[in-house]
Amino acid sequence: MNTMSKLTQSPAWQALARHRDALSGTSIRALFDADASRADRFSLEAAGLFADFSKNLLTDETISLLTGLAREAGVETRRDAMFKGERINTTEGRPVLHIALRAPADTSIFVDGIDVVPQVHTVLAHMHRFADAVRDGAWHGHTGRAITDIVNIGIGGSDLGPRMVCEALRPYGHARLRMHFVSNVDGADIDEVLRAVDPATTLFIVASKTFTTRETLQNAHTARAWLLASGAAESAVARHFVAVSTNAEAVRAFGIDTDNMFAFWDWVGGRYSLWSAIGLPIALYIGADAFASLLAGAHAMDRHFATAPLERNLPALLALIGVWYTNFFGAASHLVAPYDRYLHRLPAYLQQLDMESNGKTVTLSGERVDYATGPVIWGEPGTNGQHAFFQLLHQGSALIPADFIACMQPHHSLDTHHAILLANCFAQTEALMNGSPSPAAPHRHFEGNRPTNTLCVDRLEPATLGALIALYEHKVFVQGALWQINSFDQWGVELGKRLAVEIEREIAAPGTIDTHDSSTNNLINRFKARRAIPAAPGPRQS
Ligand code: F6P
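Predicted model, so just to flag it, every value in this text is computed and none were measured.

**Student:** Quick one: what's the story with the overall build of the protein chain, residue by residue and with numbers?
**Tutor:** Summing up its helical and strand segments, the protein chain has 21 helices and 13 strands in all. The C-alpha atoms of the protein chain give a radius of gyration of 25 Å, which matches the 24 Å a tight globule of 542 residues would have. Overall, the protein chain is about 75 × 60 × 55 Å in size when its C-alpha atoms are taken along their principal axes. Counting only residues that meet the buried cut, the protein chain has 53% of its 542 residues in that class. Within the protein chain, contacts between residues at least 6 apart in sequence are counted, and of these 73% link residues at least 24 apart. Total accessible area on the protein chain is roughly 23,600 Å²; 53% of this is exposed by carbon and sulfur atoms.

**Student:** Explain the side chain of Lys 55 to me, and be specific about the residues and the numbers.
**Tutor:** Counting through the fold element by element, Lys 55 comes out in the loop between strand 2 (49-52) and helix 5 (60-72). Buried charge Lys 55 goes without a salt bridge, the closest partner of opposite sign being Asp 52 at 4.8 Å. Within polar-contact distance, the side chain of Lys 55 engages the side chain of Thr 429 at 3.3 Å.

**Student:** How would you summarise the pattern of salt bridges if you had to cite specific residues and measurements?
**Tutor:** Counted by the stated rule, this structure contains 25 salt bridges. Residues Asp 33 and Arg 29 are paired through a salt bridge, measuring 3.4 Å at the closest nitrogen-oxygen approach. Taken as a pair, Asp 33 and Arg 29 lie in helix 3 (residues 28-33) at a separation of 4 residues, close to a single helical turn. Overall, Arg 29 belongs to the partly exposed group, its relative accessible area being 38%. Where salt bridges share partners, they join Asp 35, Arg 41 and Asp 60 into one cluster.

**Student:** Can you tell me about the sheet that holds strand 6 (residues 178-182), naming the residues and giving the values?
**Tutor:** In spatial order, the strands read 6-5-7-8-9; together these 5 strands make up an open sheet with parallel pairing. At either end of the open sheet lies a strand with only one pairing partner, and these are strand 6 and strand 9 (261-263). Here the strands of the sheet are splayed against their neighbours by 20° on average, with no regard to which way each runs. Where helix 10 (residues 214-229) meets the sheet, it contacts strand 5 (149-153), strand 6, strand 7 (202-207) and strand 8 (241-245), and its direction lies at approximately 155° from that of strand 7.

**Student:** For the side chain of Thr 464, give the residues involved together with the corresponding values.
**Tutor:** Structurally, the position occupied by Thr 464 is in helix 19 (residues 462-482). For Thr 464, a relative accessible area of 10% corresponds to the buried category. Excluding its chain neighbours within four sequence positions, the residues that come into contact with Thr 464 are Gly 48, Leu 49, Val 457 and Arg 459.

**Student:** Give a description of the pairing of strand 12 (residues 402-409) that names residues and reports values.
**Tutor:** With 6 of its 8 residues buried, strand 12 lies for the most part within the structure. Note: strand 10 (residues 333-339) against strand 12, 5 bridges, orientation parallel. If you follow Tyr 339 over to strand 12, its bridge partner there is Ala 406.

**Student:** Tell me about the site of the ligand, and name the residues and values.
**Tutor:** Taken together, 14 residues form the shell around the ligand, and within it Ser 158, Ser 208, Lys 209, Thr 210 and Thr 213 come nearest. Contacts to the ligand include Thr 213, whose side-chain N or O atom sits 2.5 Å from an oxygen atom. Note that an oxygen atom of the ligand is positioned 3.1 Å from one of the side-chain N or O atoms of Gln 352. For the ligand, whose accessible area on its own is 390 Å², the fraction buried by protein is 88%.

**Student:** Run through the packing of helix 20 (residues 494-508) against helix 21 (residues 518-530), naming residues and quoting values.
**Tutor:** The geometry of helix 20 relative to helix 21 is characterised by a closest axis approach of 10 Å and an angle of 45° between their N-to-C directions. One way to sum up the angle between helix 20 and helix 21 is to call them oblique. Along this stretch, helix 20 crosses helix 21, giving a crossing that reads as right-handed. From helix 20, Ile 503, Glu 506 and Ile 507 reach across to helix 21, where they touch Thr 520, Ile 524, Phe 527 and Lys 528. A breakdown of the residues in the contact of helix 20 with helix 21 according to their chemical character gives 4 nonpolar, 1 polar and 2 charged.

**Student:** Kindly report on the sheet that holds strand 12, identifying the contributing residues and their values.
**Tutor:** Ordered in space as 1-2-13-12-10-11, the 6 strands form an open sheet in which the pairing is mixed. Either end of the sheet is taken by a strand with one partner, and the two such strands are strand 1 (43-46) and strand 11 (376-378). Direction aside, the axes of adjacent strands within the sheet are offset by 20° on average. Of the strands in this sheet, strand 10, strand 11 and strand 12 are in contact with helix 16 (residues 346-358), which crosses strand 11 at around 165°.

**Student:** Which residues make up unusual backbone geometry, and what values go with them?
**Tutor:** Residue Thr 383 follows Gly 382 across a cis peptide bond; omega there is 5°. Secondary-structure assignment places Thr 383 in the loop between strand 11 and helix 17 (390-395). One non-glycine residue, Gln 484, adopts positive backbone phi at about 65°. Along the chain, the position of Gln 484 falls in the loop between helix 19 and helix 20.

**Student:** Lay out the nonpolar core with the relevant residues and their values.
**Tutor:** Counting residues in each nonpolar core, the largest one holds 131 residues, and the members touching the most others are Leu 465, Leu 468 and Leu 482. Per-element tally for this core: the top contributor is helix 19, with 12 residues. Core analysis: the next-biggest nonpolar cluster, separate from the first, contains 24 residues, Val 151, Ala 250, Val 251 and Ile 256 among them.

**Student:** Would you mind going over the packing of aromatic side chains in detail, with residue names and values included?
**Tutor:** Tallied over the full model, the rule gives 20 aromatic pairs. Judged by centre distance (5.3 Å) and plane angle (50°), the rings of Phe 130 and Phe 262 are tilted. Separated by 132 residues along the polypeptide, Phe 130 in helix 7 (residues 117-136) and Phe 262 in strand 9 bring together distant segments of the chain. When the ring of Trp 265 is compared with that of Trp 267, the centres are 5.0 Å apart and the planes differ by 0°; the resulting orientation is stacked. No difference in accessibility class separates Trp 265 from Trp 267, as the two residues are buried. Within the aromatic cluster, the residues linked to one another by ring pairs are Trp 13, Trp 324, Tyr 325, Phe 328, Phe 329 and Tyr 371. The positively charged end of Arg 102 is found above the aromatic ring belonging to Trp 275, 4.6 Å away from the centroid.

Scoring rules and cut-offs
Residues numbered from 1 in each chain as written. Predicted model: local features only at pLDDT ≥ 70, side-chain atom pairs only at ≥ 80, totals over all residues. Heavy atoms only, no water. Helix = DSSP H or I, 4+ residues; strand = E, 2+ residues; numbered from the N terminus. Rg over C-alpha atoms; globule rule 2.2 N^0.38 Å. Buried < 20%, exposed > 50% of the residue type's maximum accessible area, 1.4 Å probe, protein only. Contact = heavy atoms within 4.5 Å. Areas by Shrake-Rupley, 256 points an atom, 1.4 Å probe, with all protein chains shown as cover. Lys, Arg positive; Asp, Glu negative; His and termini not counted. Salt bridge = Lys/Arg side-chain N within 4 Å of Asp/Glu carboxyl O. Polar contact = N/O pair within 3.5 Å; in protein donor to acceptor, adjacent residues only side chain to side chain. Pairing = 2+ DSSP bridges. Axes fitted to C-alpha atoms, helices over the stretch in contact; angles between N-to-C directions. Near = heavy atom within 4 Å. Parallel < 35°, antiparallel > 145°, perpendicular 65-115°, else oblique. Left-handed = near helix turned anticlockwise from the far one by under 90°. Nonpolar A, V, L, I, M, F, W, Y, C, P; charged D, E, K, R; others polar. Core = buried A, V, L, I, M, F, W, Y, C linked by side-chain atoms within 4.5 Å. Phe/Tyr/Trp six-rings, centres within 6.5 Å; stacked < 30°, edge-to-face > 60°. Lys NZ or Arg CZ within 6 Å of the ring centre and 35° of its normal.

As structure tokens, then:
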């Protein structure tokens, strides 16, 4: 028999279901018509961000019921436990302390009686010294030339965060340094980069929390072999390779001197790690001061999240609005549409942050959930998305709530462009909400009533970006806490990894394979039979 969970049985959940039914006769547009102050009442400023969440199907009662549900579900207690360093990542027995990575030096956060903040600042100082040396040319390649290209080798959290931030803060980047990110084990990824860089002036950062990730180690080995093949002596490796990891032993075993290793800790989740030494590419690119501003912006959001009542707490509100649509309207996905070219990797970054955190169906007490959890996160920058998939947002059958992100001031002086860009951003949220009042023909009709949040910053700079990322981190936290799942493990990635290792072995072994289902056997055997490079080499194989 299908028993209802405590959460779905709770009075707050039941009241929300009734409230949803009661709102079915109204529309977001009608809520605006009835309340001249709606935009002001349903918007908030925090840590340099302005968020307008008025274009949602919600009222004061909705907020009050949602915050009531969050309280009943123990969201605040769990938040406080995270800030106190309790081991809230229960399946791995670890605290969750990315907030410690941006804590000011004069604060304290204890894990097992030890203050971790001084350790954080020691590593930050190490990163900053190194970044200064590379940026001013004091750290140079083995022939004495300054570093011009930095290649970060890492995947998942050891790639997406630094890559997204380096892209977002490109206007702040060092003029001499070109940043490259190699993540995929697809040889094309590293091949393209190695073709573009000079071994004498390239620095590789091998970034892996565990230092066991197959893709990263393979790419690092390939890069090392490439450096040595260029004529560099073994001793040159120390000038061209640094590592970022929690696993000093594995770094040593790989052949990187641990003097060239930047440490972090097991209480930093991979997808929450850009603030740690995993952010080394960021510090190298934008410099120590700007990296400190990124951390300060995130810390400002941390303070807001830790102290503001849920009713005026931006991460909590965005999370609860998401819960409203996911659990009471059946929304299965959530769009992120940054109207800023520099944020073009933000949706990819948020995919890992949100989907690896909340893509779970088992609660903290080991039961299967009877409610929807993490939605699919997706997106592309505007206005490009408008000319691709926005059709479905406006007239498709699915309800897709969306975040629009707008920067008031651009990093260029093409004012007309910026006015057109933001006009489009505002027009889309208005059109999604209002639809078309008097349809000419059914196919030209827009139903409207499609919800959006609009997040604004004055300018995309290190501090505002830090606050924006932390906002999403805490949004994910609140949703996971409310859904009673562990947002900080990722066991779901293990099965595929294990099978790939087995199949890799089978590919290397002679003969055909019959150990899998017939489809998998066929695919492996087809690859084994046809993988040899054909008689006529491709354009890149000659
Ligand atoms: O396989 C998933 C994962 O463990 C992510 O959680 C992580 O960010 C990524 O792989 C990379 O892991 P690592 O930094 O240990 O190489």
